[in-house]
Amino acid sequence: MKTNLNEADRYLLEHWEQSLEFEQGMNDVRTKYDQVFQAVIDELKEKEWWKEGAFRSYASQLYGCIGFGKKVWLSTDHKWEWPSLWLDDLDLEYILVDTETTPCVYVWLGGSKNQGPSPEVFKEKLLKAAAPQIGKLPPRLQKYESGKTILCWPLSGEKAALKQMLLKGETEALIEALVNELDRLAPFIQPIDSVLGVG
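About the thresholds
Residues numbered from 1 in each chain as written. Predicted model: local features only at pLDDT ≥ 70, side-chain atom pairs only at ≥ 80, totals over all residues. Heavy atoms only, no water. Helix = DSSP H or I, 4+ residues; strand = E, 2+ residues; numbered from the N terminus. Buried < 20%, exposed > 50% of the residue type's maximum accessible area, 1.4 Å probe, protein only. Contact = heavy atoms within 4.5 Å. Areas by Shrake-Rupley, 256 points an atom, 1.4 Å probe, with all protein chains shown as cover. Salt bridge = Lys/Arg side-chain N within 4 Å of Asp/Glu carboxyl O. Core = buried A, V, L, I, M, F, W, Y, C linked by side-chain atoms within 4.5 Å. Pairing = 2+ DSSP bridges. Axes fitted to C-alpha atoms, helices over the stretch in contact; angles between N-to-C directions. Phe/Tyr/Trp six-rings, centres within 6.5 Å; stacked < 30°, edge-to-face > 60°.

> Lay out the overall build of the protein chain in plain terms, naming residues and giving numbers.
Along its length, the protein chain carries nine helices and five strands. Traced from its N-terminal end to its C-terminal end, the protein chain shows the element sequence α-α-β-β-β-α-β-α-α-α-β-α-α-α. Residue burial in the protein chain is summarised as follows: out of 199 residues, 39% are buried. A sequence separation of at least 24 residues applies to 62% of the contacts in the protein chain between residues at least 6 apart. Carbon and sulfur atoms make up 52% of the accessible area of the protein chain, which amounts to about 11800 Å² in all.

Below you can see the structure in the form of structure tokens.
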């Protein structure tokens, strides 16, 4: 098998010491971005609706997502199968680079391993139970559904603002913006409780 080093590869080799510094710098930025994600979770825990010990959360800059849900919604140990509330596609590559991928907020319905309603039944029941909450959302937040997600909306207009907060080092403003987006999902906690028959 023949492998050729291209021009970019050769440039890195010729400037290896500088490349290592850039690599370490990028790792440092990712570590600090992880801290932003954890700060978002910490801020959510201060919300009136967050009951201590009732929720579990997940945050990772590596996967570009922040999610949470009530422990009683989880009927399997598989972390991706529980009904939960998410802010996704926050990867630095998506926000800082000009791509079509846009951060989005959504309710994840859970998968086949969940012992509650199937995603199809869950979706139907949740739409009915959450009708009052859905009615209060701006139109663009109501209509976007895909696969196992529901009440999903893209943050297309906010993407540029998030980018500027990052570039200017405005981490407090960034944390507040992300918290506000996730806080929009709080009114759907009670309808999910109702559909799953838990409290």
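Next, the rest of the story.
> Quick rundown of the pattern of salt bridges? Include the residues and the values.
The final tally for this structure, using the stated rule, is four salt bridges. Ionic pairing is found between E93 and R30, a salt bridge with its closest N-O pair at 2.8 Å. Taken together, the residues E93 in helix α3 (residues 92-96) and R30 in helix α2 (residues 16-44) connect sequence positions 63 residues apart. A relative accessible area of 37% means that E93 is categorised as partly exposed. The partner of K70 in a salt bridge is D193, with the nearest N and O atoms 2.8 Å apart.

> Describe the nonpolar core, with residues and values.
L44, F68, L90, L126 and L178 are the most contacted members of the largest nonpolar core, which has 44 residues in total. Ignoring any residue separated from it by four or fewer positions in sequence, one finds L126 in contact with V107, L109, I150, P191, I192 and V195. Residues C65, W82, W86 and Y106 belong to the second largest nonpolar core, which totals six residues.

> Can you explain the environment of L109? Please cite residues and give values.
Among the structural elements, L109 can be located in the loop between β4 (104-108) and α4 (119-129). Owing to a relative accessible area of 2%, L109 belongs among the buried residues under this scheme. On a C-alpha basis, the gap between L109 and V121 in space is 9.9 Å, while along the polypeptide they are 12 residues apart.

> Can you break down the sheet that holds strand β5 (residues 149-154) residue by residue, with the values?
One open sheet accounts for five strands, arranged β1-β2-β3-β4-β5; its pairing is antiparallel. Since the sheet does not close on itself, it has two edges, and those belong to β1 (55-60) and β5, each with one partner. Across this sheet, the average inter-strand angle for adjacent strands is 10°, counted without regard to direction. Pairing analysis gives three bridges linking strand β2 (residues 65-70) to strand β3 (residues 84-88), with the strands arranged antiparallel. Paired with F68 across the bridge in β3 is L85. Sheet strands in contact with helix α8 (residues 171-183) are β2, β3, β4 and β5, and its direction is about 145° off that of β3.

> Any details on helix α9 (residues 189-196)? Residues and values, ideally.
Burial analysis of α9 places six of its eight residues in the buried class, the great majority of the element. Taken as a whole, α9 has its buried residues at I189, P191, I192, D193, V195 and L196. Following α9 by one or two positions, G197 has its phi on the positive side, about 70°.

> Kindly report on the packing of aromatic side chains, identifying the contributing residues and their values.
Scanning the model with the defined rule gives eight aromatic pairs in all. Of the aromatic side chains, those joined through ring pairs into one cluster are W49, W50, F55 and F68.

> For the environment of V107, give the residues involved together with the corresponding values.
Summarising the element assignment, V107 is placed in strand β4. Residue V107 is classed as buried on the basis of its relative accessible area of 0%. Counting along the chain gives 85 residues from V107 to I192, while the straight-line C-alpha distance between them is 9.8 Å. Not counting residues up to four positions away in its chain, the partners in contact with V107 are S84, L85, L126, K148, T149, I150, L151, L185 and I192.

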